[in-house]
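One letter stands for each residue in the lines below.
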Amino acid sequence: MITKKSRDQIALMRRAGRVVAEMHEECIRASKPGATTLDVDRVARDVLERRGAQSNFLNYHGFPAVICASPNHVIVHGIPDATVLEEGDIFSIDCGAIIEGWHGDAAITIPIGTVDTESQRLIDITQASLDAAIERVVDGKRLGEVGAAVEDIAVGAGFTVVKEYVGHGIGTAMHEEPQVPNYAGGPNAKYRMKEGLVLAIEPMVNAGTAETFLLDDGWTVVTRDGRRSAHFEHTIAVTEHGPEVLTLP
Ligand code: MG
Ligand code: MG
């Protein structure tokens, strides 16, 4: 079932989204060469505690952290650990927060120090694909336009989009219907978006093959060819004034 949120409910989601944005800001500051991905997770935990928010990642199907930490060829769902960030890495941070039962969810990929030209381009194109998708989150438009916008930009730049992991509705649960694929078509492509719909859109774009591989830990998803992957995500509401990104500072 696809639910619509009232203005008051969206206001609570905006509060959760602001906490997520603050987690990102602090995590970006902490993601320096020499830091471990677990160091970055601790910083995100501190923000949740300071803001009186709960984590929607911690203990989700047993996930052990408040951020997903996905460097380089890790696409999504990396577990924070003793991995040391190094100059030239790219690093995806995905995290969320709950305020009064309402969820926010967002992801960002950052360069650690100076990165090679292709890695920077991968980051820039993935962000641009999310920006283009957000513009389509408008009352009356079809959901399929969202994924099509991502695919056009990512594939047009010579990259590939991950198909096995998709965006989602969000509200009183982190993952609600509908699924939001990062490509044209899909089960809900013809569904018309309406005011009050809230989506988490999250393109995962690979430098090489779109094929994914799940590591033995049951969480970490990597590229099959070992090339790099970037991931951006925002939580966005359909409003009478157009798309509103809820996960901004
Ligand atoms: Mg996320
Ligand atoms: Mg998500």
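Residues numbered from 1 in each chain as written. Chains lettered and ligands numbered in written order. Predicted model: local features only at pLDDT ≥ 70, side-chain atom pairs only at ≥ 80, totals over all residues. Heavy atoms only, no water.

### Here we look at helix 2 (residues 37–51)
Then comes step 1: Taking 1.5 Å per residue, 15 residues should reach 21 Å; helix 2 reaches 22 Å between its end C-alpha atoms and fits that length.
Then comes step 2: The set of residues buried in helix 2 consists of Thr37, Val40, Asp41, Ala44, Val47 and Leu48. Buried residues of helix 2, viewed axially, fall in a sector of 115°; they line one side.
Then comes step 3: After helix 2 finishes, the residue Gly52 shows a positive phi value of roughly 65°. (Helix = DSSP H or I, 4+ residues; strand = E, 2+ residues; numbered from the N terminus. Expected span 1.5 Å × (residues − 1). Buried < 20%, exposed > 50% of the residue type's maximum accessible area, 1.4 Å probe, protein only. Arc of directions from axis to C-beta.)

### A closer look at a positive patch on the surface
Then comes step 1: The grouping of Lys4, Arg142, Lys190, Arg192 and Lys194 at the surface amounts to a positive patch.
Then comes step 2: Relative to the helices and strands, Arg192 is located in the loop between strand 7 (176–180) and strand 8 (198–201).
Then comes step 3: According to the relative accessible area criterion, Arg192 is partly exposed, its value standing at 40%. (Patch = residues over 30% accessible without salt bridge, like charges linked within 9 Å, V, L, I, M, F, W, Y side chains within 5 Å. Areas by Shrake-Rupley, 256 points an atom, 1.4 Å probe, with all protein chains shown as cover. Salt bridge = Lys/Arg side-chain N within 4 Å of Asp/Glu carboxyl O. Lys, Arg positive; Asp, Glu negative; His and termini not counted. Charge placed at Lys NZ, Arg CZ, Asp CG, Glu CD.)

### Description of the pattern of salt bridges
Then comes step 1: Applying the stated criterion to the full structure yields 14 salt bridges.
Then comes step 2: Glu176 is the salt-bridge partner of Lys5, the closest N and O atoms lying 2.8 Å from each other. Residue Lys5 is located in the segment before helix 1 (7–30), and its partner Glu176 is located in strand 7; the two are separated by 171 residues in the primary sequence.
Then comes step 3: Residue classification places Glu176 among the buried positions, given a relative accessible area of 16%.
Then comes step 4: One salt bridge in this structure joins Arg15 and Glu100, with 3.1 Å as the shortest N-O distance. Within this pair, whereas Arg15 is found in helix 1, its partner Glu100 is found in the loop between strand 3 (90–99) and strand 4 (102–111), the two being separated by 85 residues in sequence.
Then comes step 5: Residue Arg15 is classed as partly exposed on the basis of its relative accessible area, which comes to 40%.
Then comes step 6: Relative accessible area serves as the criterion here: at 56%, Glu100 is assigned to the exposed category.
Then comes step 7: Via salt bridges that share partners, Arg7, Glu195 and Glu240 belong to a single interconnected network.

### Examining the coordination of the magnesium ion (ligand 2)
Each pair of donors in an ideal octahedron of six around a metal sits at 90 or 180 degrees, and each pair in an ideal tetrahedron of four sits at 109.5 degrees.
Then comes step 1: For the magnesium ion (ligand 2), the full set of protein donor atoms is Asp105 (OD), His168 (NE2), Glu202 (OE) and Glu233 (OE), at a range of 2.1 to 2.3 Å.
Then comes step 2: Each donor residue of the magnesium ion (ligand 2) belongs to the same chain, and together they define the spacing D-x62-H-x33-E-x30-E.
Then comes step 3: Between the magnesium ion (ligand 2) and the magnesium ion (ligand 1), both coordinated by Asp105, there is a metal-metal distance of 3.1 Å. On the criterion of sequence distance, the pair formed by His168 in strand 6 (residues 167–169) and Glu202 in the loop between strand 8 and strand 9 (204–206) is long-range, its members being 34 residues apart.
Then comes step 4: With relative accessibility at 4%, the residue His168 sits in the buried group. (Donors = N, O, S within 2.8 Å, 3.2 Å for Na, K, Ca; no water.)

### Details of the sheet that holds strand 9
Then comes step 1: Spatial strand order, 5-9-12: 3 strands in an open sheet with antiparallel pairing. Edge positions in the sheet fall to strand 5 (160–161) and strand 12 (229–231), since each has one partner strand and no second.
Then comes step 2: Taken together, the 3 bridges between strand 9 and strand 12 define a ladder with antiparallel strand orientation. Looking at strand 12, one finds that Asn206 is bridged to Ser229.
Then comes step 3: Together, strand 9 and strand 12 form the strand contacts of helix 3 (residues 117–135), whose direction differs from that of strand 12 by roughly 35°. (Pairing = 2+ DSSP bridges. Contact = heavy atoms within 4.5 Å. Axes fitted to C-alpha atoms, helices over the stretch in contact; angles between N-to-C directions.)

### Some thoughts on the confidence of the model for the protein
Then comes step 1: Per-residue confidence for the protein gives a mean pLDDT of 98, with 100% of residues at or over 70.
Then comes step 2: Averaged pLDDT values over the elements of the protein bottom out at 97 in strand 7 and peak at 99 in strand 12. (pLDDT = per-residue confidence, 0-100.)

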